[in-house]
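An overview of the molecular structure
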Amino acid sequence: MSHCVRLSKQLLRVPTRYWRSATLSQLSDGQGWSRSYSSQSNNSFVMNSFAGKFETAELFPYPDVLTDEQRQNASMFVDPVTKFFEETNDPARNDREERVPPEIMDQLKEMGAFGLQVPAELSGVGLTNTQYARMVEIVGGHDLGIGICLGAHQSIGFKGILLYGTEEQKAKYLPDVATGKKIAAFCLTEPSSGSDASSIQSRAVLSEDGKHYILNGSKIWISNGGIAEIFTVFAQTSIKDPKTGAVKDKISAFVVERAFGGVSSGKPEKKMGIKASNTAEVYFEDVKIPVENLLGEEGEGFKVSMNILNNGRFGMAAALSGTMKKLIEKAVDHASTRVQFGSKLETYGQVQEKIARMALLQYVTESTAYMLSGNMDTGSTEYQLEAAISKIFSSEAAWEVADECIQLYGGMGFMTEAGLERVLRDLRIFRIFEGSNDILRLFVSLTGLQYGGKQLKELEKDMKSLNLGVIFSEGTKRAMRMVGAKSTPSVKKGDIHPDLSGPASQLSQAVGDFGATCEAVLLKYRKHVIHEQYVLKRLADAIIDIYGMAAVISRASKSLSDDVSSSSHEKQLTVVWCDQASERVERLLKSITSTSSLKTDASMSAIAKEVISNRATVPVHPLRV
Ligand code: MYA
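This is a predicted model, so every value here is computed, not measured.

So, about the packing of aromatic side chains. Per the stated rule, a full pass over the model turns up ten aromatic pairs. Ring geometry for F45 against F54: centres 5.9 Å apart, planes inclined by 70°, an arrangement best described as edge-to-face. Overall, F54 belongs to the buried group, its relative accessible area being 13%. Ring centres of F430 and F433 lie 5.1 Å apart, and the angle between their planes is 70°; this geometry places the pair in the edge-to-face category. One aromatic cluster in this structure is built from F45, F54 and Y547. It is R428 that lies over the ring of W399; its NZ or CZ is 5.6 Å from the centre. If you follow R584 out to its NZ or CZ, it ends over the ring of W577, 5.0 Å from the centre.

Okay, here's the thing in structure tokens:
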């Protein structure tokens, strides 16, 4: 027990902000731990894994959230939408012409594709997150350029109005955006502010009569920026602290109409992929925004922006799950017809390995996407880490699947005609935008560590008030870990199918080891953990794999219990995935505490520093010429 007290006291000093020295200096303001996330426990599986807790509330059983009617509605759009994308839309032409042709835009509008989640009474289709995921999966399977046009519009462009809008804002704007009469865009990124989103320079100043904000600034790489009429814009505002009277810059969010005047956009950017979607700079010059167009509370814009992004990320995973499915169909089609050295490609081990790996990556992506959308539909609020993981995993998995599909096609895959190079080009941006995967990895690790530390603080409180039940359960778990025993998941009978007991114990072990490693990391580095990016990346990689294991175990268990036709195949996917992922997790966690890994990390940094200071590679040319 005294061990726990010592741990929690040391952990309390870990900061809430991580990236910039400017924000680090704010640690001395005494706010520290208490602000970010509720100190009360929540149901997030990922968040709790950082505290070494096996939280299963949002894991088992695999979400089954559609009512019969919703399922029927969803199945009603699958065929016509697929038919539209296969027979009417031409992604190669859209890519070539770098636009979505007007007649295709019109048909998408007619289908309701611009207002999928807007309530029916406001002219939308009123889909749940899960139904929306099913829809964007089809889009992602056929045309990612169109996907970005639709996604930038509704997944982030006007999502703020849906999430934070007043009744008046919703009534005023949603019907027009839902029908596609007006296109929306999300304006956060600026020339000097990409990943570091809170450093934006755009500014909105309240007019003397208090009726308007005057907005000035410019935004870059805005999807739909050149065609949008409605913008969700983030800008600095001066906020007076009611207690101290001190004035501080804080970000606020606004709904801005192009029709307000002073809004202009640059010409469409030339890009590597998603060429059909419009990307442009947007400039705001003395734009008069009525005060009633403030979105959410004044000064709360950063959280508004983060929550919009959190809320939309499952859509990316669903879309990319569709992309992978189509790529796998193409790969299999080729492997089953192409003959080399007298046999079809499909008979060769190397080809089989590629196809199996693609199927595994798609299964994990699809399982996490629908687990997330299902949990969101049943009211989960603390899903930001799961959302970030699903974005990271799906974008990297889809890239690998596209790359391997091209490899399987050989020279043919390199030719434009095969239609694969376009998909690869389109996919590249998914690891960069909506939060780069590098930044999201840090976000996952640091937010998780912060939560893990907070749980220990709560434990300390329980000790003071002698809440023995909590102390014994937590203390016992830690004591078990210290003697090398593993805590087992406390899941309801039937949640994990008995056929998956092997993967279940691998998952349990991984969560236990992960929690113990997080504790060790916090103890060792304390607040300096913010500088340990090698460690943070490994923790993120481990938890990404752990979440993937959890999602497939949950889904396959349900399939086995429901006796769905693919259940034995899903079991095989799950067993293989968990075998491979648990090995990776073990390796990653060991490397976090191993001295040889730390030495290698230091050498890697030294190499990088020499290359950077030399402004080029360092070794003398082998020919000495
Ligand atoms: S849009 C542009 C996307 N840009 C980004 O994603 C920016 C990335 N940067 C960040 O996310 C933040 O700046 C980071 C924080 C994470 C680096 N949820 O001190 P802090 C809270 C909830 O750590 P910073 C695009 O690409 C935090 O707890 N809360 O902040 C469109 C703290 O709270 P408190 C969060 O060091 C592309 C406070 O904020 C989150 O400045 C088009 C400050 O935190 C969070 N996530 O950096 C896509 N993060 O004050 C089209 C932070 O209480 C869509 N906090 O302690 C396509 C969709 C697919 C569909 C397609 C179909 C085919």
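All right, on to the pattern of salt bridges then. Taken as a whole, this structure holds 32 salt bridges when the rule is applied. Of the charged contacts in the structure, one is a salt bridge between E103 and R93, with a shortest N-O distance of 3.1 Å. Here the residue E103 occupies a position in helix α6 (residues 102–111), and R93 occupies one in helix α5 (residues 91–97), the gap between them amounting to ten residues. Overall, R93 belongs to the partly exposed group, its relative accessible area being 25%. Measuring nitrogen to oxygen at the nearest pair gives 2.8 Å for the salt bridge that ties K558 to D562. With K558 and D562 both in helix α19 (residues 533–562), this residue pair falls four residues apart, about one helical turn.

As a further point, take the pairing of strand β1 (residues 184–187). What you see with β1 is no split at all: A184 and F186 on one side and A185 and C187 on the other are buried throughout. Relative to strand β4 (residues 230–240), β1 runs parallel, the two being bridged by four bridges. The residue of β4 that forms the bridge with A184 is I230.

Time to look at the environment of G157. Checked against the element boundaries, G157 lands in helix α8 (residues 144–157). Judged by relative accessible area, G157 falls into the buried class, the value being 0%. Along the sequence, G157 and I222 sit 65 residues apart, while their C-alpha atoms lie 9.9 Å from each other. For G157, the residues in contact, after removing those within four places along its chain, are A152, A184, A185, F186 and T232.

In this section: the pairing of strand β3 (residues 212–223). Here strand β2 (residues 203–206) pairs with β3 via four bridges, running antiparallel. Its bridge partner being in β3, L206 is matched across the sheet by Y213. Count of turn residues in the β2/β3 antiparallel hairpin: five residues, of which G210 carries a positive phi of about 70°. Sheet topology note: the β3/strand β7 (residues 279–290) ladder contains nine bridges and is antiparallel. The partner of K219 across the bridge, within β7, is V282.

The subject of this paragraph is unusual backbone geometry. Cis geometry is adopted by the peptide bond preceding P61, which originates at F60 and carries an omega value of -15°. If you trace the backbone, P61 turns up in the loop between α3 (45–49) and α4 (68–88). Although it is not a glycine, S123 adopts a positive phi angle of roughly 75°. A positive phi is found at R526, a non-glycine position, where the angle reads about 45°. Position of R526 among the secondary structure elements: in the loop between α18 (501–525) and α19. Owing to a relative accessible area of 31%, R526 belongs among the partly exposed residues under this scheme.

Moving on, we come to helix α21 (residues 595–614). Between its first and last C-alpha atoms α21 spans 29 Å; for 20 residues at 1.5 Å apiece the expected length is 28 Å, and the two agree. Just beyond α21, the residue with positive phi is R615, at close to 60°.

In this structure, the second largest pocket encloses a volume near 630 Å³. Around the second largest pocket sit 24 residues that line it, and Y62, P63, R71, T130 and Y370 are the ones nearest its centre. For the lining of the second largest pocket, the secondary structure elements donating two or more residues are α4, α7 (129–142), α12 (349–377) and α19. When grouped by side-chain class, the residues that make up the lining of the second largest pocket number eight nonpolar, six polar and ten charged.

Moving on, we get to the side chain of N48. Structurally, the position occupied by N48 is in helix α3. You can call N48 buried: its relative accessible area is 0%. Separated by 2.8 Å, the side chain of N48 and the backbone oxygen of S44 make a polar contact.

Conventions adopted
For every chain, the first residue of the written sequence is number 1, and numbering continues from 1 onward in sequence order. Thresholds applied to this predicted model are a pLDDT of at least 70 for local features of residues and 80 or more for the giving and counting of side-chain atom pairs; totals over whole chains, interfaces and linings are not thresholded and use all residues. Note that the side-chain values use all heavy atoms of the structure and ignore hydrogens as well as water. Stacked, tilted and edge-to-face pairs are distinguished by plane angle, under 30 degrees for stacked and over 60 for edge-to-face with tilted covering the rest, among Phe, Tyr and Trp rings (Trp via its six-membered ring) whose centres lie within 6.5 Å. Each residue's exposure class comes from its accessible area (1.4 Å probe, protein chains only) as a fraction of the maximum for that residue type: buried when under 20%, exposed when over 50%, partly exposed otherwise. Charge over a ring is defined by NZ of Lys or CZ of Arg lying within 6 Å of the ring centre and within 35 degrees of the ring normal. Just to be clear on terms, a salt bridge is a Lys or Arg side-chain nitrogen sitting within 4 Å of an Asp or Glu carboxyl oxygen. Counting from the N terminus, the helices are DSSP H or I runs at least four residues long and the strands are E runs at least two residues long. Two strands pair under a simple rule: DSSP has to find at least two bridges between them. Residue contacts are defined here by distance: any two heavy atoms, one from each residue, within 4.5 Å place the two residues in contact. Expected span, for any helix, means 1.5 Å times one less than how many residues it has. Whether a set of points on the 1 Å grid over the protein atoms alone is a cavity depends on a 1.4 Å probe fitting there but being unable to get out, while an open set qualifies as a pocket with protein on both sides within 12 Å along at least five of seven lines; lining residues are those with an atom within 4 Å of a point. Grid points are joined across faces, edges and corners, and a volume is the space filled by probe spheres set on the points. Amino acid classes used here: Ala, Val, Leu, Ile, Met, Phe, Trp, Tyr, Cys and Pro are nonpolar; Asp, Glu, Lys and Arg are charged; the rest, including Gly, are polar. Under this definition, polar contacts are N or O atom pairs within 3.5 Å; protein pairs additionally need one hydrogen-donor-capable and one acceptor-capable atom, and for neighbouring residues in sequence, both atoms have to be side-chain atoms.

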